[in-house]
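# Coordinate inspection notes
Here are the chains, one letter per residue:
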Amino acid sequence: MKHRLYAFTLALSLLAAPALLAQQGAPASQNQPAPLPALAPQPVQPQGGLSPLPGVSLVGQEEGFALPIQLLLTITVLTLAPSIIMLMTSFTRLVIVFGLLRTALGMQGSPPNQVIIGLSLFLTVFIMHPVLDTVNKEALQPYLDGQITQEEAFKNAQRPMKGFMLAQTREKDLMLFMDLSRTPGYATPADVPLHVLVPSFVISELRIAFQIGFMLFLPFVVIDLLVSSVLMSMGMMMLPPVMISLPVKLLLFVLTDGWYLIVESVVKGYMG
C-alpha cells in the first residue's frame with residue numbers, strides 16, 4: 001500500500017514538472033498585473049459652492065461668515081451653553097431657592113444635588129417654554145428654511161429673550177450697569193445690549209431668590225428656638241436639638257404641602 005502511494009506521488013510530480021519549468025521561463029511582463037485604466041480628471045467644484053446648511057458658505061460673503069468662523073462660533077455657543085442656561089433663564093432663582101430650602105430644613109444631603117438640579121432644569125424648561133417657542137418660530141425655523149440670514153436670526157432670537165429678562169429685571173439694577181458702562185439711554189427696551197441686560201437680570205434674580213429663602217427660613221428658625229428652649233428647661237442639655245427639631249420641621253413641611261406651595265409661588269412669579 002505504501003509503495004503504491006509513493007508511486008502515485010512520483011507520477012504527479014513528474015507530470016507537474018514541465019508546467020513549473022514553463023512558468024519560470026515565461027517573460028516577466030506576463031507575471032505583472034494588467035495596468036488599471038486611467039481615471040478621467042474630475043471637474044473641480046468652484047470654491048463658492050453652496051453648503052448643505054442654509055446660510056453656510058465655504059468662503060466669506062456679505063451676508064454671512066466663512067465656514068471656519070461659523071464652526072468656531074458654534075463650538076463657542078456649545079461651550080457656553082451651561083452659562084447661558086444659568087444666567088439667562090429662571091434656573092438661577094430656582095436652584096438657589098431649593099438649596100436654601102434644604103439648608104433651612106437642616107438636611108445637608110437630602111434631596112441630593114442631582115435632584116435639585118434636575119427639578120430646577122425641568123421647571124426652567126416649563127417656565128421658558130413660551131419664550132423658546134417664540135424663538136423657534138421667529139428665528140430657528142425661518143433660518144433653517146433659508147428665509148432669513150444669520151444676523152436676522154440672531155436678532156429675532158434676542159427679542160423674546162430680552163423681553164423675558166426685562167420683565168424680571170429691576171430698574172435700579174439695570175440703571176446700575178448702564179451707569180457703570182457709561183451708556184446713554186435707549187429708545188426702546190429692545191435696544192438694551194446683552195452685556196448690560198444679563199448682569200442686571202442675574203443680580204435681580206439673586207435678590208429675589210434670597211428674599212424667598214429668608215421667608216422659608218423664618219418658620220424653621222422658630223421651631224429650632226422652641227425645641228432648644230424646651231430641652232434647656234427640661235435639663236436635657238446633652239441631647240442635640242436637631243434630633244427633635246428635624247422631625248418636627250419635616251412634619252410641618254409635609255402637612256402644609258410645602259413643595260406644592262413653593263413651586264406654585266416661584267412659577268407664578270414668572271408668569272405674572
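Please read these numbers as outputs of a predicted model, since none were measured by experiment. (Residues numbered from 1 in each chain as written. Predicted model: local features only at pLDDT ≥ 70, side-chain atom pairs only at ≥ 80, totals over all residues. Heavy atoms only, no water.)

### Points about the pattern of salt bridges
Worth spelling out the cut-off: The rule for a salt bridge is simple: a side-chain nitrogen of Lys or Arg has to be within 4 Å of a carboxyl oxygen of Asp or Glu. Throughout, exposure labels follow a simple rule: accessible area from a 1.4 Å probe, protein chains only, divided by the maximum for the residue type, with under 20% read as buried, over 50% as exposed, and the rest as partly exposed.
Taken as a whole and assessed by the stated rule, the structure comprises six salt bridges. A salt bridge links D173 to R170; the shortest N-O distance between them is 3.0 Å. Given a relative accessible area of 32%, R170 falls into the partly exposed group.

### Quick notes on the packing of aromatic side chains
Note on aromatic pairs: each is described by the distance of the centres and the angle between the planes. Note the following rule: Here is the rule: rings of Phe, Tyr and Trp (six-membered ring for Trp) pair when centre to centre is within 6.5 Å. Planes less than 30 degrees apart are stacked, more than 60 are edge-to-face, and the remainder are tilted. A run of H or I in DSSP counts as a helix once it spans at least four residues, and a run of E counts as a strand once it spans at least two, with each numbered from the N terminus.
What the rule picks out here adds up to four aromatic pairs. Centroid distance F164 to Y270: 5.9 Å. Interplanar angle 15°. Geometry classified as stacked. Of this pair, F164 sits in helix 7 (residues 150-168) while Y270 sits in helix 11 (residues 258-271), and the two are 106 residues apart along the sequence. With respect to burial, F164 and Y270 carry one shared label: buried. Centre to centre, the rings of F253 and W259 are 5.6 Å apart; their planes meet at 85°, and the pair counts as edge-to-face.

### Here's the deal with the nonpolar core
Basically, it comes down to this: Nonpolar core, defined: a set of buried Ala, Val, Leu, Ile, Met, Phe, Trp, Tyr and Cys residues in which side-chain atoms within 4.5 Å join the residues together.
Core analysis: the biggest nonpolar cluster contains 36 residues, and V97, F98, L101, F164, M165, F220 and I262 have the highest contact counts within it. Secondary structure elements with two or more residues in this core: helix 5 (91-105), helix 6 (113-144), helix 7, helix 8 (171-180), helix 9 (194-233) and helix 11. Take this core: its biggest share by element is 11 residues, from helix 9.

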